[in-house]
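The lines below spell out each chain.
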Amino acid sequence: MMPLKVEGLQTFYGKSHILHNVGLTVNEGEIVVLLGRNGAGKTTTLRSIMGLTPPRDGHVKLFGIDATRMSPYQVAGLGVGYVPEGRKIFANLTVEDNLRVPVARPGPWDTKRVFQTFPRLAERRDNRGRQLSGGEQEMLSIARALLLNPKLLLLDEPSQGLAPLIVKEVFQIIQTMRKEGISVLLVEQNVRVSLGIADRAYVLDDGAIIYNGSAAELANDEERVRSMAGAS
Ligand code: ATP
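The present account deals with the structure reproduced in this document. (Residues numbered from 1 in each chain as written. Predicted model: local features only at pLDDT ≥ 70, side-chain atom pairs only at ≥ 80, totals over all residues. Heavy atoms only, no water.)

Here's the deal with the site of the ligand
Near the ligand, the surroundings consist of 13 residues, among which Gly39, Lys42, Thr43, Thr44 and Gln189 are the closest. Within the side chain of Lys42, one N or O atom sits 2.8 Å away from an oxygen atom of the ligand. One nitrogen or oxygen atom from the side chain of Thr44 is found 2.5 Å from an oxygen atom belonging to the ligand. Per element, the largest residue contribution to the shell around the ligand is 3 residues, and it comes from helix α1 (residues 42-50). The class makeup of the residues in the shell around the ligand is 3 nonpolar, 6 polar and 4 charged. (Near = heavy atom within 4 Å. Polar contact = N/O pair within 3.5 Å; in protein donor to acceptor, adjacent residues only side chain to side chain. Helix = DSSP H or I, 4+ residues; strand = E, 2+ residues; numbered from the N terminus. Nonpolar A, V, L, I, M, F, W, Y, C, P; charged D, E, K, R; others polar.)

Here it is as structure tokens:
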């Protein structure tokens, strides 16, 4: 069953028409990247899928089920993990308590496995969220989503504000997740690095899809990559 199929999304914030007929798919085991300059509508697309900002028109299908009018909680229950922009971890809770917050779904990811995969989080398990570096906070945010044992993971700008070495580490983790059968929809400003790990890419501009194709092909289009990277 196709993890994600989005068709004809029309999403508004009040009277502002933000998404114009957005359509995209994520096939099983794929990493798909959604690119576009600031304000293009990338976050709004993820919010529409999650049911946080429901579309006025269009359809969201998750694993063959119509999820267009579902609540975020119901969408998560279908096996969709969401790592929002800015991490949204609990600053006053310890790492360990942050990981207790999600209602874990049965599967290969449990706290033990999370600590093996992110040894730095294990070292800092008694530290509070606010004491962590940006990279550690991002890992905590991803770890929390993994405890839901998602089949599809939506990641909003995981590389934001991270040093290049940490970005590499986070992207390696995303590739590991894919190997385990988690499909990924990745929103990124980091054009080159994300095209390097993605199978396919979409580019949003002013709320409409202007590119839909292979990530490798887009990566070879130097001019286009430069214009997108320059815009971020
Ligand atoms: P960024 O990289 O800056 O996060 P983005 O591509 O994710 O950009 P969105 O956050 O989806 O873009 O924003 C798309 C448009 O919607 C922007 O013009 C933004 O100003 C507007 N917008 C976002 N959130 C709201 C809101 N809560 N109310 C009104 N307008 C909003």
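Brief notes about the pattern of salt bridges
Applying the stated criterion across every chain yields a total of 10 salt bridges. In this structure, Glu30 engages Arg200 in a salt bridge whose closest nitrogen and oxygen atoms are separated by 2.8 Å. Of this pair, Glu30 sits in the loop between β2 (16-26) and β3 (31-35) while Arg200 sits in strand β9 (residues 200-205), and the two are 170 residues apart along the sequence. Note on accessibility: Glu30 and Arg200 belong to one class, buried. The partner of Arg100 in a salt bridge is Asp97, with the nearest N and O atoms 2.5 Å apart. Using a relative accessible area of 30% as the deciding quantity, one classes Asp97 as partly exposed. Through salt bridges that share partners, Arg120, Arg124, Glu136 and Glu169 make up one connected network. (Salt bridge = Lys/Arg side-chain N within 4 Å of Asp/Glu carboxyl O. Buried < 20%, exposed > 50% of the residue type's maximum accessible area, 1.4 Å probe, protein only.)

Remarks on the nonpolar core
Counting 43 residues, the largest nonpolar core has Phe118, Ile174, Met177 and Leu195 as the members making the most contacts within it. Counting residues in hydrophobic clusters, the runner-up holds 28 residues, among them Leu19, Leu24, Val80 and Tyr82. (Core = buried A, V, L, I, M, F, W, Y, C linked by side-chain atoms within 4.5 Å.)

Regarding α1
In terms of residue burial, α1 counts as a mostly covered element, since 7 of its 9 residues are buried. Buried within α1 we find Lys42, Thr44, Thr45, Leu46, Ser48, Ile49 and Met50. Just downstream of α1 lies Gly51, where phi reads positive at about 85 degrees.

A look at the sheet that holds β2
Strand-to-strand pairing in sheets goes through backbone hydrogen bonds, with the strands running parallel or antiparallel. On the basis of which strands lie adjacent, the open sheet formed by 4 strands has the order β2-β1-β4-β5 and antiparallel pairing. Across the chains shown, the open sheet's two edge strands, defined by having one partner strand only, are β2 and β5 (65-66). Relative to strand β4 (residues 57-62), strand β1 (residues 4-13) runs antiparallel, the two being bridged by 5 bridges. Counterpart to Glu7 in the pairing with β4 is His59. (Pairing = 2+ DSSP bridges.)

Details of helix α7 (residues 164-179)
An ideal rise of 1.5 Å per residue puts 22 Å on 16 residues; α7 measures up with 23 Å between its terminal C-alpha atoms. By the burial criterion, the buried members of α7 are Val167, Val170, Phe171, Ile173, Ile174 and Met177. Along the axis of α7, the buried positions cluster into a sector of 150 degrees, meaning they face one direction only. Turned more than 90 degrees from where α7 packs its buried face, Pro164, Leu165, Lys168 and Lys179 sit exposed. Its buried side turned inward, α7 meets β3, α6 (134-146), β7 (152-156), β8 (183-187) and α8 (191-197). Among the residues trailing α7, Gly181 stands out with phi positive, at a value near 95 degrees. (Expected span 1.5 Å × (residues − 1). Arc of directions from axis to C-beta. Contact = heavy atoms within 4.5 Å.)

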